[in-house]
Amino acid sequence: MLELKNIHKAFGKNEVLKGVDLKVNKGDVVAILGPSGSGKTTLLRTITFLEKADQGEIVLKDLNLDVQKATKKDITKLRKKTAFVFQNYGLFLNKTALQNVMEGLTIARKVPRAEAEKRAKEALDKVGLSDRYDYYPSQLSGGQQQRVGIARAIAVNPDVILFDEPTSALDPELVSGILDIIRSLAKEGSTMVVVTHEMAFAQDVATHVVFMDGGVIVEEGSSHEFFSHPKEERTKQFFSRFISTDNYII
C-alpha cells in the first residue's frame with residue numbers, strides 16, 4: 001500500500017530524518033510514537049510533500065516517486081490518494097463546515113457539486129455533525145473543528161489517511177470523542193498512519209507501532225508485542241513512564 005524508503009530530511013544543518021524506512025499494508029493502523037523532536041511529524045509531512053524530503057523514495061500503490069525527481073503532476077497524483085488531518089484543524093475560516101468538506105472534492109478532485117455536497121454531508125453525519133453543516137469554524141468548538149477535518153479526509157475516500165497529533169490541540173474532555181471516531185474508521189478497515197502521544201489509544205487501536213528518536217526508527221512491531229516486550233533500551237526508557245507493572249498503559 002504505502003512504503004517509504006531511505007527518507008532523509010534536514011533543515012539547514014539539523015538532520016531531522018536520517019534514512020527512514022517504513023511499510024504500511026492495506027488496513028493497517030500505524031501509530032508513530034516518540035519524544036518531541038524525534039522526527040515524527042516531519043516524516044508524516046514528507047509523505048504528501050508538505051515537506052519535501054531531501055532523498056528517498058515514496059511508493060503508494062501504483063506510484064513510485066523518487067523525491068528528488070518528483071514533478072508537480074506526480075505530487076498531485078499522490079495527494080489525491082491520501083488525506084491529511086492536521087493538529088491545528090487546517091480549516092478555511094470563511095467557509096462553513098459543509099463548504100470546508102466539499103472543497104477537496106470540487107476543487108482538487110473535480111467532483112460535481114451535487115455529488116460533492118452529498119458526500120460531504122455523509123462524512124459530517126459520520127463524525128456527528130449533522131446539525132452543524134452551516135456553522136463556521138469560529139462557531140465550533142475545537143473538537144467539532146477537528147471532526148470537520150476528519151470528515152474532510154474521509155469524504156475523498158483516500159487510500160490512506162495521515163493524522164498529525166489529532167488530539168494535541170484539544171482540551172482533555174474532547175480527546176475521547178476524536179479517538180472514538182478514529183477507532184470506528186479502524187474497524188471499517190481504513191488504512192491510517194497516526195502520529196500520536198495517546199499511548200493507550202495506540203495500544204488499543206494500532207495494528208503496528210513505530211517508535212522514533214533522533215530521526216530514526218528505533219523499534220517497531222505489532223502493538224501487542226511492542227507494548228508487552230519492547231526490545232531496545234531507548235524504547236524501554238521512554239515507555240517506563242507509561243507502562244504499569246502488568247504491562248498496560250497507565
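Up top is the structure.
Residues numbered from 1 in each chain as written. Predicted model: local features only at pLDDT ≥ 70, side-chain atom pairs only at ≥ 80, totals over all residues. Heavy atoms only, no water.

(A) Representation of unusual backbone geometry in the model. Phi at Asn 6 is positive, roughly 55°, even though this residue is not glycine. With respect to the element layout, Asn 6 can be found in strand S1 (residues 2-11). Residue classification places Asn 6 among the partly exposed positions, given a relative accessible area of 32%. A positive phi angle is found at Asn 157, which is not glycine, with a value near 50°. Within the element layout of this structure, Asn 157 appears in the loop between helix H5 (142-155) and strand S7 (160-164). In this structure Asn 157 comes out as exposed when scored by relative accessible area, which is 63%. (Helix = DSSP H or I, 4+ residues; strand = E, 2+ residues; numbered from the N terminus. Buried < 20%, exposed > 50% of the residue type's maximum accessible area, 1.4 Å probe, protein only.)

(B) The layout of surface pockets, seen in detail. Computed from the structure, the largest pocket encloses a volume of approximately 580 Å³. Taken together, 22 residues line the largest pocket, and the ones lying closest to its centre are Arg 79, Thr 82, Gly 104, Ala 108 and Arg 109. Secondary structure elements with two or more residues in the lining of the largest pocket: helix H2 (72-80), strand S6 (82-85), helix H3 (97-108) and H5. The leading source of residues in the lining of the largest pocket is H3, at seven residues. Lining of the second largest pocket is provided by 18 residues; of these, Lys 126, Ile 154, Asn 157, Pro 158 and Ser 190 occupy positions nearest its centre. At the level of elements, helix H4 (113-126), H5 and S7 are the ones that each hand at least two residues to the lining of the second largest pocket. Sort the elements by how many residues they give to the lining of the second largest pocket and H4 lands first, with four residues. (1 Å grid on protein atoms, 1.4 Å probe; cavity = no way out; pocket = protein on both sides within 12 Å on 5 of 7 lines; lining within 4 Å. Points joined across faces, edges and corners; volume = space filled by probe spheres on them.)

Geometric descriptors of this kind do not, in isolation, establish any biological role.
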